[in-house]
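Architecture at a glance
Listed below, chain by chain, are the residues.
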Amino acid sequence: METTGERHETSLSVSEMGFKEEQVIQEFGWDEDVDENLRQAIMDQIDDDLADEDFTGMSDGALIWWRDDDGNADDLSDLLMDAMGNMDEGGRIWVLSPIASDPQAVDPRLIEEAAKTAGMNPTTSEVVSPQWAGTQIVSRGR
């Protein structure tokens, strides 16, 4: 994925994901299979490293890498609540899951169920890189 404002035909740009310079973005579920180009583009956009799962300060947004074998809707709901607990009002959460053709792809209904259980709403679903799709989650009432 290209950096900041550039867009591939099939993927959302980092700027369209809503990340801005000087924001603190917390990352959950990193593993060796994540899209490092997407991570780097986000870090370039915010002009900083991503905060890890153990970060306890306030964040402006979160990335959650979620695969089919990471758990069920309740597990994802708990993680969404954890991410929202550190977040300033108006923060964005993106749940990133492997694209549909990948064996670790997540049923979009699981992400929707997890969001609703956590008192949140999925708003946008887009391909964010060649191997990952993203669903933006926001608190109800935003």
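Starting from 1, residues in each chain are numbered consecutively following that chain's sequence as written. With the structure being a predicted model, the display of local features is reserved for residues of pLDDT at least 70 and the display and counting of side-chain atom pairs for 80 or more, all residues being used for whole-chain, interface and lining totals. With hydrogens and water excluded, all non-hydrogen atoms of the structure serve as input to the side-chain values.

Focus: the overall build of the chain
Put simply, the test is: Secondary structure follows DSSP: runs of H or I at least 4 residues long count as helices, runs of E at least 2 residues long count as strands, and numbering of each begins at the N terminus. This radius of gyration counts C-alpha atoms alone. The globule rule is 2.2 Å times how many residues there are, raised to the power 0.38. Classification of residues uses two cut-offs on accessible area relative to the type maximum, computed with a 1.4 Å probe and protein chains only: under 20% is buried, over 50% is exposed, and between them is partly exposed. Contact criterion: two residues are considered in contact whenever any of their non-hydrogen atoms come within 4.5 Å of each other.
When helices and strands are counted, the chain shows three helices and five strands. Put simply, the chain runs from its N terminus to its C terminus through helices and strands in the order β-α-β-α-β-α-β-β. Taken over the C-alpha trace, the chain has a radius of gyration of 14 Å; the compact-globule value for 142 residues is 14 Å, and the two agree within 12%. Its C-alpha atoms give the chain principal-axis dimensions of about 35 × 35 × 30 Å. In the chain, which comprises 142 residues, the proportion classed as buried is 46%. Sequence-distant contacts, at least 24 apart, represent 70% of the contacts inside the chain between residues at least 6 apart.

What to know about unusual backbone geometry
The phi angle at E22 is positive, at roughly 75°, despite the residue not being glycine. Mapped onto the fold, E22 is located in the segment before β1 (25-28). Notably, D47 is not glycine yet its phi reads approximately 60°, a positive angle. Along the chain, D47 falls in the loop between α1 (36-46) and β2 (59-65).

Side note on the packing of aromatic side chains
Stated precisely, the cut-off is as follows: Pairing of aromatic rings covers Phe, Tyr and Trp, the last counted by its six-membered ring, and requires centre-to-centre distances within 6.5 Å; plane angles under 30 degrees mean stacked, over 60 mean edge-to-face, and any other angle means tilted.
Following the criterion strictly, the structure yields one aromatic pair and no others. Ring centres 4.7 Å apart and planes at 85° place the aromatic pair W65 and W132 in the edge-to-face group. A residue pair is termed long-range when its members are at least 10 positions apart, and W65 in strand β2 and W132 in strand β5 (residues 132-139) qualify at 67 residues. An identical accessibility class is assigned to W65 and W132; each is buried.

Let's talk about the confidence of the model for the chain
Condition: pLDDT expresses, on a scale from 0 to 100, how confident the predictor is about each individual residue.
Model confidence for the chain is summarised by a mean pLDDT of 89, while 90% of its residues fall at 70 or above. Taken together, the stretch residues 1-10 has pLDDT below 50 and engages in 22 contacts with residues farther than four places along the chain or on a different chain.

Concerning the environment of E22
On the accessibility criterion, E22 (68% relative accessible area) is exposed. Expressed as a C-alpha distance, the spacing of E22 and I46, which sit 24 residues apart in the sequence, is 5.1 Å. Filtering out sequence-adjacent residues up to four positions away, E22 remains in contact with I46 and D60.

Structural notes on the nonpolar core
Selection rule: Take the buried Ala, Val, Leu, Ile, Met, Phe, Trp, Tyr and Cys residues and link them wherever side-chain atoms come within 4.5 Å; each set so joined is a nonpolar core.
In this structure, I64, L76, L80, I93, V95, M120 and I137 are the most contacted members of the largest nonpolar core, which totals 20 residues. Of all the elements, helix α2 (residues 73-85) adds the most residues to this core, at six residues. L38, M43, W65 and L96 belong to the second-largest nonpolar core, a separate cluster that totals 18 residues.

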